[in-house]
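Fold and contact review
Each chain, letter by letter, is given below.
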Amino acid sequence: MKKLLGLALGVLTAIGGFVDIGDLVTNSVVGSRFGLSLAWLVLVGVVGICLFAKMSGRVAAASGRATFEVIRERLGARAGLANLGASFFINLMTVTAEIGGIALALQLASSVQYLLWIPVAVVAVWIVIWRVKFAIMENVAGLLGLCLVVYAVALFGAAMTPYGVFFFSSGAVEEGWSVKDLAQARSNVLVGFPLGGLLSVSIAACAAVVLLPAGVAVTSLSQVVLPVAEGGGKLALAFVIVGILAATFGAALETTLSSGYTLAQFFGWSWGKFRRPVRAARFHLSMMLCLVIGVGVLATGVDPVLVTEYSVVFSAIALPLTYLPILIVANDLQYMGQHVNIRPVNLLAMIYLLIILVASVAAIPLMTITGAGS
């Protein structure tokens, strides 16, 4: 059981990265429009995120420090600031979207307008970040998020965000990983992220089986759960609502913490949930401000799903600023010693960096031409 719970960090990171509020709707949109013809992209993304997350976890385990902290020291303030600016802006957009996603999930369960749930959502996220231990947080949110496996069951019955690797490496420091925990780091990556990819494909597949033949165009979260309700009835619907709530709540925790991690690690502040809030005051204050800004944006009535979709586009632009520094640090003997990358890993990483660079250059033109996919 202990080994099973040891995989919770990978599960929480992957669920937050693959099935947050924007991904839930996007995967259903793709499935309802194109069937499973684009499913191969999920496989490409899973392999890429596994490659760099494993690298990031190894940096944290070998150096005893989070990846962003090492990047700031290794590459200097300018490179670190560019990385900070890009990743923090994306984190802030995603925090905003996930708070809205929690509210949308609660609306789905209660029929109460989602704007009324936003204060409840943000207070709940803050209480968990402020008071709940990291191990409890990752275990509960990660395991409840597994309720989304019902999409895979329903099927039988009827991309790479920057914050993920930073959260994963910071989580490794929170848990006190060292070189003796490299096997656990590999297990987290090789179980958690493929699971996130499986859930992502399952959501698209359910939409392809149920919504595509019916000509249903997915535009809201309520339509995302239609295939599960049709394939599994009320019990399956209850499971998927719990899963959506847990996934969006976990993603909100992950992105809020990641915002605090990147700021604290760049400026050299004391950070971590393993420290009492009074001993990491600026770390906690920065996260509180992120939540306040997120609520302020949502109060304007902006669509949380739309915010996430734009954050995904900007994530693609920022990907080279995230993954190139990780690759550089993972090859530095000073930090990694005997745990530097081997040649096949570097070759595969360079191939992915080329793909990432193409995606980064193409993101804005494609968003403009397609009207953000509309």
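The rules behind each value
Residues numbered from 1 in each chain as written. Predicted model: local features only at pLDDT ≥ 70, side-chain atom pairs only at ≥ 80, totals over all residues. Heavy atoms only, no water. Helix = DSSP H or I, 4+ residues; strand = E, 2+ residues; numbered from the N terminus. Buried < 20%, exposed > 50% of the residue type's maximum accessible area, 1.4 Å probe, protein only. Areas by Shrake-Rupley, 256 points an atom, 1.4 Å probe, with all protein chains shown as cover. Axes fitted to C-alpha atoms, helices over the stretch in contact; angles between N-to-C directions. Parallel < 35°, antiparallel > 145°, perpendicular 65-115°, else oblique. Contact = heavy atoms within 4.5 Å. Nonpolar A, V, L, I, M, F, W, Y, C, P; charged D, E, K, R; others polar. pLDDT = per-residue confidence, 0-100. Polar contact = N/O pair within 3.5 Å; in protein donor to acceptor, adjacent residues only side chain to side chain. Phe/Tyr/Trp six-rings, centres within 6.5 Å; stacked < 30°, edge-to-face > 60°. Lys NZ or Arg CZ within 6 Å of the ring centre and 35° of its normal. Left-handed = near helix turned anticlockwise from the far one by under 90°.

**Structural notes on the overall build of the protein**
- On a plain count of helices and strands, the protein comes out with 16 helices and zero strands.
- Burial statistics for the protein: of 374 residues in total, 55% are counted as buried.
- Approximately 15,700 Å² of the protein is accessible, and the part contributed by carbon and sulfur atoms is 71%.

**With respect to the packing of helix H6 (residues 114-131) against helix H13 (residues 281-298)**
- One way to put it is that H6 packs onto H13 with a least axis distance of 11 Å and a crossing angle of 170 degrees. On the basis of the axis angle, H6 is roughly antiparallel to H13. Together, Leu 115, Ile 118, Val 122, Val 125, Trp 126, Ile 129 and Trp 130 of H6 and His 284, Met 287, Met 288, Leu 291, Val 295 and Leu 298 of H13 make up the contact between the two elements.
- Of the residues in the contact of H6 with H13, the class split is twelve nonpolar, one polar and no charged.

**Notes on the confidence of the model for the protein**
- For the protein, per-residue confidence averages 77 on the pLDDT scale, and residues scoring 70 or more make up 78% of the total.
- Low confidence marks residues 1-7, where pLDDT is under 50. Its contacts with residues over four positions away, or in another chain, come to seven contacts.
- A low-confidence stretch, residues 154-160 stays under pLDDT 50, and its non-local contacts, those more than four residues away or across chains, total 17 contacts.

**Comments concerning the side chain of Thr 255**
- Positionally, Thr 255 belongs in helix H12 (residues 226-267).
- Among the polar contacts listed, one links the side chain of Thr 255 to the backbone oxygen of Ala 252, at a separation of 3.3 Å.

**Quick look at the packing of aromatic side chains**
- Summed over the entire model, instances satisfying the criterion amount to six aromatic pairs.
- When the centroid spacing of 4.9 Å and the interplanar angle of 90 degrees are considered together, the rings of Phe 266 and Phe 267 count as edge-to-face.
- Take Phe 267: its relative accessible area is 45%, and that puts it in the partly exposed class.
- Taking 5.4 Å as the distance between ring centres and 20 degrees as the angle between the ring planes, the aromatic pair formed by Phe 267 and Trp 269 counts as stacked.
- Members of the aromatic cluster, joined through ring pairs, are Tyr 261, Trp 271 and Phe 283.
- One Lys or Arg, Arg 72, reaches over the ring of Phe 266 and ends 4.9 Å from the middle of that ring.

**Things to note about the packing of H12 against H13**
- At their nearest, the axes of H12 and H13 sit 9 Å apart, and the two run at 135 degrees to each other. One finds that H12 runs oblique with respect to H13. Pair H12 / H13 crosses with right-handed handedness. Residues Thr 256, Leu 257, Ser 259, Gly 260, Tyr 261, Leu 263 and Ala 264 of H12 form the contact with H13, whose own contacting residues are Phe 283, Ser 286, Met 287, Cys 290 and Leu 291.

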